[in-house]
Amino acid sequence: FTEIGECGVEALVARLLDDDDDQTRKLSILVLRELGPVAAAAVPVLDRLLRETQEDELAAIIMAALMQIGTASESAASAILRRFLTGNRELAGYAEEALKRIGPGVIPAVETAAQHATGAAKSRLEGLLATLRLAEETRFLEFEKFNNDAAIALFVCVGDLYLEYGAISGRQ
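Rules behind the numbers
- Residues numbered from 1 in each chain as written.
- Predicted model: local features only at pLDDT ≥ 70, side-chain atom pairs only at ≥ 80, totals over all residues.
- Heavy atoms only, no water.
- Helix = DSSP H or I, 4+ residues; strand = E, 2+ residues; numbered from the N terminus.
- Expected span 1.5 Å × (residues − 1).
- Buried < 20%, exposed > 50% of the residue type's maximum accessible area, 1.4 Å probe, protein only.
- Contact = heavy atoms within 4.5 Å.
- Axes fitted to C-alpha atoms, helices over the stretch in contact; angles between N-to-C directions.
- Parallel < 35°, antiparallel > 145°, perpendicular 65-115°, else oblique.
- Left-handed = near helix turned anticlockwise from the far one by under 90°.
- Nonpolar A, V, L, I, M, F, W, Y, C, P; charged D, E, K, R; others polar.

1. Brief notes about helix α4 (residues 56-69)
Residues lying three or four places apart along an α-helix face the same way, a consequence of the helix completing one turn every 3.6 residues.
Line of reasoning, step 1. Between its terminal C-alpha atoms α4 stretches 20 Å, which fits the 20 Å expected from 14 residues at 1.5 Å a residue.
Line of reasoning, step 2. Within α4, 11 of the 14 residues are buried, which leaves it mostly tucked inside the rest of the structure.
Line of reasoning, step 3. Here α4 has its buried residues at Leu-58, Ala-59, Ala-60, Ile-61, Ile-62, Met-63, Ala-64, Ala-65, Leu-66, Met-67 and Ile-69.
Line of reasoning, step 4. Where α4 is buried, its residues meet α2 (22-35), α3 (43-52), α5 (77-86) and α6 (89-102).
Line of reasoning, step 5. Of the residues one or two after α4, Gly-70 is the one with positive phi, at around 90°.

2. Describing the packing of α5 against α6
Line of reasoning, step 1. Running from amino to carboxyl end, α5 crosses α6 at an angle of 150°, the nearest separation of the two axes being 7 Å. On the basis of the axis angle, α5 is roughly antiparallel to α6. In terms of crossing hand, the pair formed by α5 and α6 is left-handed. Note on element contacts: α6 touches α5 through Leu-91, Ala-92, Ala-95, Glu-96, Ala-98, Leu-99 and Ile-102, opposite Ala-77, Ile-80, Leu-81, Arg-83 and Phe-84.
Line of reasoning, step 2. Grouping the amino acids of the contact of α5 with α6 by side-chain chemistry returns 10 nonpolar, no polar and 2 charged.

Honestly, it's all geometry; don't read function into it.
As structure tokens, this is what we get:
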């Protein structure tokens, strides 16, 4: 499945739009999830399905696919946020994880939702926003994830140059 490419994504999207059978839809979405970023063209349809479905299991499967598609899923952030706020505890947890994994591009949607929310919803959104911002800040501090000796050596070299010559900003 993972080698079907963009033509396969188009076929899966067409199947999602034309077929009302829940099992067929779920299987198609699971394949899109496995395709990951290659399935970016499916995001608008997945977004629409997430907004329309009342079924928690289908919503969870859709969010898993959006999460695996990655940053291309940023446009679905408001639909995922709706599940974060209105879903049961398990579904809200899936929604939070999806937003974290999609990346920092969802932060503006969370900020907007938090500005318009009140009470418990506002508190939950502000907590999510803090989590997303912290994840973004720490993303740059995890040098172990590079697992690349050349990148680490370059970082050490730049640090040594800084110590020897000082900051270069503002020099003429």
